[in-house]
Amino acid sequence: LPLPYARAKFYIPQTKVFIFQHTYVITPTVVNQFKYAYGRYFDIDGNPQYGNKNWSAASAGIGNLPDGQASQSFPEIKYHGHDSPTQWGVDNQYESTFNTYTMVDNLQWTHGKQSWEFGFQKQWLQSNYLQAAGASRPLTINYSNSQTGQYESGSTTIDPSTGYSFASYLLGAVDSAGFDEYSHNVTGLRFRPFSVYAQDNYHATNNLTLNLGLRYDLYPGMREANHAMSFFNPTITNPVTGTPGILEFAGSGPDSCQCATPIHTYWQNFGPRLGLAYSFLHDTVLHAAWGIMYTHGGGVGGTVLGPPTLGFTASPNAVSTVSGEPAFYLNNSSYFTTNGIANTNFPAYEKAPFFNAGYGTGFSTKISTPSSSMTYLDPYLSGRAPEYENWNFGIQRKLMRNMTIAVTYVGSEGHFEPVQNHDARGYWSNELNPKYLALGSLLSDPATAANIAKADAIMPGVKLPYASFTGTIEQMLKPFPQYPGVSDQFGNVGNSSFNALELVLRQRPTHGLTFTVNYTWSKSIDDDGTFRSGYLNNRIERSLSVADMPQNLNVNFVYNLPFGRKGTLTGNNPYARAITKDWALSGIVTYQSGTPLAITASNCIAPGQGTCMPDLNPNFSGSARINGGWGSGVTSTNVHIPFINKDAFTIPAPYTIGNAPRTAPYDLFGPAYKDVAISLRRRFHVYGPTSLQVQADAFNLFNNVVFGGINTTVGDSNFGEVSKQANSSRDIQLAARLSF
């Protein structure tokens, strides 16, 4: 569809980098280097329909909309129901600006056998985010079949097979509509990290060098430049409900934490560094190293665009509450006017911001059921930088004049890593404790006195959390029942470990041949991924990483072919030498073993829990892998071949949690990756400095197929099937290059 009906975007990215550097030689053995740098990335993610009066919602006659895109952009119109037309799209326009100011000073001092290095780094990191152009997002209007459908015989329920959403649009019968309006449209995150370090490279003997160092990183938690940040405080009692948890704001006003950020600064990021290099037997070197490193992530840095801002946004949403009736009409025809239902305005709503001594900005801190979930910034975990302990030990030896071999053991262990889901800690993400699954189907029943009595008979002590509570038994039993959800934003409790044996065989140019062979045998383990329940010990989710690749072999080579040289194969025949000389063959050979499969399930009946995981079938025996190699027998007419035995798993019984490992149950790994790419080229001298190179390249030379898109959801009818090719088919290209 053309504009304004089509969804479209435009981008205006701009980057700037300035660096000032000064090196001062104080003495022949003391050198100081100072650097100051500024880097900026700015981007407008634009809405081409914004500001065009011919397309705006206001020009279409829709009133009671705020300034900005809600009134001055074409609305997003969606159609729902059978045979719905294509929706008319529009995207929000926003801006993001990242500024990095870095100051570094480094002093080097050489004295005898010691080489000292001292320095510091100070950074000012800014992440500025404009939520929406004009402080409001485009209006979204939904049309449904219901408003023009027929009632089922003898009832007040609309027959979903009748009606037409486009007819509802023509009548102006809106099923639902809404937009976002911001009171603080621009937010700016600020980080102020500081690091200081010292290291001594000590040449103890001609054969032994020691590296002794220490780095200290101070990473204060994020703060918003104008205190436009809100967050969940679980330690304060809600004055309305009498239960823990309220919405709190940064700053010093009403309902604020009297602080710039709830994140506490962690002061113990000490990173020691130890290294050793020892040569012996003339051509053998032993090396080892150990260190602790910290990095930006979570509440102390990373790629966060904006802070949580619940309370600074009005999100009015008009919704149809009676089957067949619209939320409101957008129609001022004479018929509608005569019947008193003519309208051209969005329904009245409470604009943001409003201020009250007992309330926050736009949303109350004390209401029992706010329209949005809370965001929890854990004071301790949000301030912990991801921490990695790395070590290695290896030997390198010269085998021949131009050939070396190195064998190295490499290890790494990570803590306080960001997790993919914000439900790793059940209590802090407002999850239902799995012990309440014993209540079964009662969990979905309303919290009436009769149902609470039934629950109390099964689990004594179950009671209404506060007198005004309305909702289900499940919601009633959550840690913070007054809120529909809590996001544990920086509950970074991920852990990982990596161990590998690495072998590198390298030959420098010898008789025209250069090659490198890299082989890695490794294992990667973590507990970051799916969480079946945030109340279970993380060790239950500890398994092979989804990116674990036990075997990895890479070979690359360049061989200047010996043909055409005088006395080699072609003898002294000048014509044969002219044809066969100056050819070069190069290639890359890759083999990577498959990665672990993460098996999940569908149709679990476990209210309030995390990812649906299957059970291992206790009666299953044999191999869970069936029907030969991945993709074996698959053709264009026979695609439904399962390669995982569905009988190896079962859907957990209702109100229980699955017990299958997070990854690689029954040692299930995906297909291995194999690839050979080669290149043959020849350079011809033309005249003077001019030369012509012709080249032929072949990628995936043997046309190996690596199957992917494996369906790993137990309960799906296509479980265990492959659905696509995960690599590229063989490609051959010819190229010529003229150099002059």
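Residues numbered from 1 in each chain as written. Predicted model: local features only at pLDDT ≥ 70, side-chain atom pairs only at ≥ 80, totals over all residues. Heavy atoms only, no water.

## Digging into the confidence of the model for the chain
Where we set the bar: On a scale of 0 to 100, pLDDT captures the predictor's confidence in every residue. Throughout, a contact is declared for two residues whenever any of their heavy atoms are within 4.5 Å.
Averaged over all residues, the pLDDT of the chain is 90; the fraction at 70 or higher stands at 94%. Low pLDDT (under 50) marks residues 352–371, which in the prediction has 52 contacts with non-local residues, meaning those over four places away or in another chain.

## Comments concerning the side chain of Ser 195
To keep it simple, the criterion reads: For the purposes of this entry, the term helix denotes a DSSP run of H or I that reaches at least four residues, the term strand denotes a run of E that reaches at least two, and both are numbered from the N terminus. Definition of a polar contact: a pair of N or O atoms within 3.5 Å, with one able to donate and the other able to accept a hydrogen when the atoms are protein atoms, and with sequence-neighbouring residues admitted only if both atoms are side-chain atoms.
Tracing the backbone through its elements, the reader meets Ser 195 in strand S11 (residues 194–203). A distance of 3.3 Å separates polar atoms of two side chains, one belonging to Ser 195 and the other to Arg 215. A distance of 2.5 Å separates the side chain of Ser 195 from the side chain of Asp 217, its partner in a polar contact.

## Section: the sheet that holds strand S3 (residues 76–80)
Note the following rule: Should DSSP find at least two bridges between two strands, the strands are taken to pair. Axes here refer to lines fitted to C-alpha atoms; in helices the fit is confined to the stretch in contact. Angles between the N-to-C directions go from 0 to 180 degrees.
Read from one edge to the other, the open sheet built from four strands follows the order S3-S6-S8-S19, with strand pairing classed as mixed. Of all strands in the sheet, those bounded by a partner on one side alone are S3 and strand S19 (317–319). Strand-to-strand twist of the sheet, defined as the mean angle between neighbouring strand axes without regard to direction, takes the value 10 degrees.

## With respect to helix H4 (residues 449–458)
Three- or four-residue spacings in an α-helix give side chains the same orientation, since the helix completes a turn every 3.6 residues. Threshold: A 1.4 Å probe rolled over the protein chains alone gives each residue an accessible area, and that area as a share of the maximum for its type sets the label: buried under 20%, exposed over 50%, partly exposed in between. Each direction from the helix axis to a C-beta atom contributes to the arc, which is the arc of those directions.
Of the residues making up H4, those classed as buried are Asn 451, Ile 452 and Ala 455. Down the axis of H4, the smallest arc covering the buried residues is 100 degrees, so these residues share one side. Turned more than 90 degrees away from the buried face of H4, the exposed residues are Ala 449 and Ala 457. Buried residues along H4 sit in contact with helix H5 (473–476).

## Examining the pattern of salt bridges
Going by this rule: In the sections that follow, a salt bridge refers to a side-chain nitrogen of Lys or Arg positioned within 4 Å of a carboxyl oxygen of Asp or Glu.
As enumerated under the stated definition, the model contains 12 salt bridges in all. Its salt-bridge partner being Lys 9, residue Asp 45 comes within 2.4 Å of it at the nearest N-O pair. Taken together, the positions of Asp 45 in strand S2 (residues 30–46) and Lys 9 in the segment before strand S1 (10–27) put the pair 36 residues apart, joining distant regions of the chain. Residue Asp 45 is classed as buried on the basis of its relative accessible area of 7%. For Glu 387, the salt bridge is made with Arg 384, and the minimal N-O distance between the two is 3.0 Å. Comparing Glu 387 with Arg 384 shows no difference in burial state: the two are buried. Here the residues in one salt-bridge network are Arg 7, Glu 76 and Asp 91, joined through shared partners.

## Section: a nonpolar patch on the surface
Cut-off, in case you're wondering: Note on patches: the residues involved have over 30% relative accessible area and no salt bridge, like charges join within 9 Å, and the nonpolar side chains Val, Leu, Ile, Met, Phe, Trp and Tyr join within 5 Å. Here the accessible surface of atoms and residues is derived via Shrake-Rupley with a 1.4 Å probe, and residues count as covered only by protein chains that are part of the display.
Residues Phe 393, Ile 395, Val 407, Tyr 409, Leu 501, Leu 503 and Trp 521 make up a contiguous nonpolar surface patch of about 610 Å² in total accessible area. For Leu 501, the position within the fold is in strand S25 (residues 494–510). By relative accessible area, which is 39% here, Leu 501 ends up partly exposed.

## What to know about the side chain of Ser 522
If you trace the backbone, Ser 522 turns up in strand S26 (residues 513–526). Engagement of the side chain of Ser 522 in a polar contact is seen with the backbone oxygen of Met 549, the distance being 3.2 Å. Once you skip the residues sitting within four places of it in the chain, Ser 522 turns out to touch Phe 498, Asn 499, Ala 500, Asp 548, Met 549 and Pro 550.

## Remarks on the packing of aromatic side chains
Heads up, the rule is: Any two rings among Phe, Tyr and Trp, with Trp reduced to its six-membered ring, count as a pair given centres within 6.5 Å; such a pair is stacked if its planes are under 30 degrees apart, edge-to-face if over 60, and tilted if neither.
Within this structure, the stated rule accounts for 35 aromatic pairs. Seen in terms of ring centroids, Tyr 79 and Tyr 169 are 6.1 Å apart; in terms of plane orientation they differ by 85 degrees. Their pairing is edge-to-face. With Tyr 79 in strand S3 and Tyr 169 in helix H2 (residues 165–171), this residue pair connects regions lying 90 residues apart in the sequence. Under the relative-accessibility criterion, Tyr 79 is labelled buried at 7%. Accessibility expressed as a relative area gives 26% for Tyr 169, which makes it partly exposed. The interplanar angle of 70 degrees and the centroid separation of 6.1 Å between the aromatic rings of Tyr 335 and Phe 336 together place this pair among those described as edge-to-face.

## Notes on the state of the cysteines
Definition in use: Note on terminology: pairs of cysteine sulfur atoms within 2.5 Å are recorded as disulfides.
Scanning the entire structure with this criterion turns up two disulfides. Linked covalently through their sulfurs, Cys 257 and Cys 259 form a disulfide whose S-S length is 1.9 Å. Between Cys 257 and Cys 259 the disulfide shows an S-S torsion of about -105 degrees. By sign, it is left-handed. Accessibility expressed as a relative area gives 23% for Cys 259, which makes it partly exposed. Residue pairing for Cys 604: its cysteine sulfur links by disulfide to Cys 612, the two sulfurs lying 1.8 Å apart. Handedness here is read from the sign of the S-S torsion; for Cys 604 and Cys 612, about 70 degrees, the answer is right-handed. Numbered by position along the chain, the disulfide-linked cysteines of the chain connect as 1-2, 3-4.

## Focus on the pairing of strand S6 (residues 140–144)
Burial runs high along S6: four of the five residues are buried. Sheet topology note: the S3/S6 ladder contains five bridges and is parallel. Note on S6: the bridge partner recorded for Tyr 79 is Tyr 143. Direction of pairing for S6 relative to strand S8 (residues 176–178): antiparallel, over a ladder of three bridges. Directly across from Asn 142, in S8, lies its bridge partner Ser 176.

## Some words on unusual backbone geometry
The linkage connecting Leu 3 with the following residue, Pro 4, adopts the cis geometry, with an omega of 10 degrees. Mapping Pro 4 onto the fold places it in the segment before S1. Its identity is not glycine, yet Ala 664 carries a phi of approximately 55 degrees, on the positive side. Among the structural elements, Ala 664 can be located in the loop between strand S32 (649–650) and strand S33 (673–687). Residue classification places Ala 664 among the buried positions, given a relative accessible area of 15%.

## Comments concerning the environment of Leu 381
Note that Leu 381 resides in the loop between strand S21 (374–376) and strand S22 (387–400). Taking the C-alpha atoms as reference, Leu 381 lies 28 Å from Val 104; in sequence the two are 277 residues apart. Excluding residues that lie within four positions of it along the chain, Leu 381 makes contacts with Phe 416, Arg 425, Phe 490, Gly 491, Asn 492 and Val 493.

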